[in-house]
Amino acid sequence: MQDKIDQYTAEINAFTPANADELEAFRIKYLGTKGLIKDLFEEFKTVGLEEKRVFGKVLNQFKQLTEAKYNDLKENFNSQLTTHNSQQDLTLPGDGFAVGSRHPLSLVRNEIIDIFKRLGFVVAEGPEIEDDWHNFSALNFPEEHPARDMQDTFFIKKNNGKDDIALRTHTSSVQVRMMENGKPPFRAIMPGRVYRNEAISARAHCFFHQVEGLYIDENVSFADLKQTLYHFVQELYGEGTKVRFRPSYFPFTEPSAEMDVSCTICKGAGCNMCKYSGWVEILGCGMVDPNVLENCGIDSKKYTGFAFGMGIERITNLKYVIRDLRLFSENDERFLKQFKTEII
Ligand code: DAH
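1. Quick word on the overall build of the protein chain
Move 1: Counting secondary structure elements, the protein chain contains 13 helices and 10 strands.
Move 2: Against the globule reference of 20 Å for 344 residues, the protein chain gives a C-alpha radius of gyration of 38 Å, more extended than a compact globule.
Move 3: Expressed as lengths along the three principal axes of its C-alpha atoms, the size of the protein chain is roughly 125 × 55 × 40 Å.
Move 4: Within the protein chain, counting contacts between residues at least 6 apart in sequence, those at least 24 apart form 66% of the total.

2. Some remarks on the packing of helix α5 (residues 104-118) against helix α11 (residues 312-320)
Move 1: Two elements in contact, α5 and α11, have axes whose closest approach is 9 Å; the angle formed by their N-to-C orientations is 100°. With respect to α11, the axis of α5 lies roughly perpendicular. Here Pro-104, Leu-105, Leu-107, Val-108, Arg-109 and Glu-111 of α5 come into contact with α11, specifically with Ile-312, Glu-313, Ile-315, Thr-316, Lys-319 and Tyr-320.
Move 2: Residues that form the contact of α5 with α11 fall into these classes: 7 nonpolar, 1 polar and 4 charged.

3. Section: the domain arrangement of the protein chain
Accessible area lost during the coming together of the parts is what is often quoted as the interface size.
Move 1: Along its sequence, the protein chain is carved into domain 1 (2-86) and domain 2 (104-339).
Move 2: Taking only C-alpha atoms into account, the centre of domain 1 sits 79 Å from that of domain 2.

4. What about the site of the ligand?
Move 1: Taken together, the neighbourhood of the ligand is formed by 16 residues, with His-170, Ser-172, Arg-196, Gln-210 and Glu-212 sitting nearest.
Move 2: Within the side chain of His-170, one N or O atom sits 3.0 Å away from a nitrogen atom of the ligand.
Move 3: Between the ligand and Arg-196 there is a distance of 2.9 Å, counted from an oxygen atom to a side-chain nitrogen or oxygen.
Move 4: Relative to its unbound accessible surface of 360 Å², the ligand loses 91% to contact with the protein.
Move 5: Contributions of two or more residues to the shell around the ligand are made by α8 (172-181), β6 (207-217), β9 (279-288) and β10 (304-311).

5. Comments concerning the sheet that holds strand β1 (residues 122-123)
Move 1: Read from one edge of the open sheet, 7 strands run β1-β5-β6-β10-β9-β8-β7, paired in mixed fashion. The open sheet terminates on both sides in strands that have one partner only, identified here as β1 and β7 (243-250).
Move 2: Sheet topology note: the β7/strand β8 (residues 253-262) ladder contains 7 bridges and is antiparallel. Looking at β8, one finds that Phe-245 is bridged to Met-259.
Move 3: Those strands touched by α8 are β1, β5 (186-195), β6 and β10, and its axis lies near 35° from that of β6.
Move 4: Contacting β6, β8, β9 and β10, α11 runs over the sheet at an angle of about 60° to β10.

6. Side note on the sheet that holds strand β2 (residues 129-130)
Move 1: Read from one edge of the open sheet, 3 strands run β2-β4-β3, paired in antiparallel fashion. Edge positions in the sheet fall to β2 and β3 (155-159), since each of these pairs with one other strand and no more.

7. With respect to the nonpolar core
Move 1: By size, the foremost hydrophobic cluster in this structure holds 43 residues, and its most contacted members are Phe-116, Phe-308 and Met-310.
Move 2: Looking at this core, the element that brings in the most residues is α5, giving 7 residues.
Move 3: When near neighbours in sequence (up to four residues on either side) are disregarded, Phe-116 contacts Phe-121, Ile-189, Thr-228, Leu-229, Phe-232, Phe-308 and Met-310.
Move 4: By size, the runner-up hydrophobic cluster in this structure holds 22 residues, among which are Ala-124, Phe-141, Ile-216 and Val-292.

8. Some details on the state of the cysteines
Put plainly, two cysteines are in a disulfide when a covalent bond ties their sulfur atoms together.
Move 1: In the structure shown here, the tally under the stated rule is 0 disulfides.
Move 2: Distance from the sulfur of Cys-271, which forms no disulfide, to the nearest cysteine sulfur (Cys-263) is 3.7 Å.

Cut-off values and rules
- Residues numbered from 1 in each chain as written.
- Predicted model: local features only at pLDDT ≥ 70, side-chain atom pairs only at ≥ 80, totals over all residues.
- Heavy atoms only, no water.
- Helix = DSSP H or I, 4+ residues; strand = E, 2+ residues; numbered from the N terminus.
- Rg over C-alpha atoms; globule rule 2.2 N^0.38 Å.
- Contact = heavy atoms within 4.5 Å.
- Axes fitted to C-alpha atoms, helices over the stretch in contact; angles between N-to-C directions.
- Parallel < 35°, antiparallel > 145°, perpendicular 65-115°, else oblique.
- Nonpolar A, V, L, I, M, F, W, Y, C, P; charged D, E, K, R; others polar.
- Domains from an automatic or database assignment.
- Near = heavy atom within 4 Å.
- Polar contact = N/O pair within 3.5 Å; in protein donor to acceptor, adjacent residues only side chain to side chain.
- Areas by Shrake-Rupley, 256 points an atom, 1.4 Å probe, with all protein chains shown as cover.
- Pairing = 2+ DSSP bridges.
- Core = buried A, V, L, I, M, F, W, Y, C linked by side-chain atoms within 4.5 Å.
- Buried < 20%, exposed > 50% of the residue type's maximum accessible area, 1.4 Å probe, protein only.
- Disulfide = S-S within 2.5 Å.

Dropping the structure here:
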C-alpha cells in the first residue's frame, strides 16, 4: 500500500493539466467513485489491525492532498479563463453583433423626405390626437357633410354634445396647424401615423402612415403641382415611370386630382398588383381651396398653393411587393430583417 501511495503522490504532484478535459480525467482517475483512492480504501478494509493503525492516517492524508490539488487546479483554471476574457488580445477580430434593420416604412418615409428636402421642403409634424377643427372643419368639410363619414373616425371625446376630439384620420390636419402658426410661403412635408375605424385585413388596417405635402406662395399653379410630383416619382421609382392625373374630389382642394403611376412591378404590362390596368394610384392632390387658406388666416387673393397626401404603405408595397398590410405592424423578425440596414 505504501508503495502505491508513494507512486500516486509523485504522479499527482507532477500533474499539470493542459485543459479542462485533462483536469476532469484526473478527478475521475483518483477521486471518482471507481477511482484509485476508492480502491485503496477497499484494500484498507482487508489489511490487519496493526497496518490499519498506520495506514488509516496515511490514507486520509493522501486523500486530502489529492482533493486539495484538484481544487487548486480547478480554481486556477477558472481564474485563468476569466483573466483571458478580461485582458483580451486586442489584435483578435471582434465578436461582431447583430445590427438591426430599419422598418420598411421608415426606409420609404426617409426616402420620400430626402427627395422633397432636395426640393427645399422642410419636415413638420403634428399631433395624432386632433380636434374636429384641424381634422375636418378648417379643411372645408361642412358639418354633416358625407365626406366626414368617408373617413371612419375614431372619436375620443365630445364637446357640447358633439364629437370633437379624435385620432386624426389624415395628415392634412398638419397643414392647418402649419398655416395657422406661420406666415407664407410654406413648403413642407408632414409624415405621420393616421387612424381609421376599419376591420383589419390584408388590404386595410386601423392605422397606417401618410406623408402630406404643402406648397403655398404667390403665383403657385397646377403646373407647379404636376411638375413637383412628376419629379418626385422619377426619383422614387426611377426615370421613365409614367404619371397620370385623374380629376377627383376632396373638400380642401379645388381642383382636386388623384395621381397614378405606371405599375412599377409589371412596367404597365398588367399584373395583379395593378389589377391588370397598368396603373396604380399613389396619392391625392390639388390646389388648396381658398376657403382653407382663409380658415387659416391666409389671404387667398394674394396666395395660392397646392397640397398632396400619400399613403406610405401603398408606396412601400409598390417598391417591395408586399401584399399583406398586417406584416407592417406584426414585428415578425423574419419579415423585418429582409430590409436593408442603414449604416448609422
Ligand atoms: N387627406 C387625403 C386622404 O387622407 C389625402 C389628400 C388628398 C391629401 C388631397 C391632400 C390632398 O393634401 O390635396 O385621403
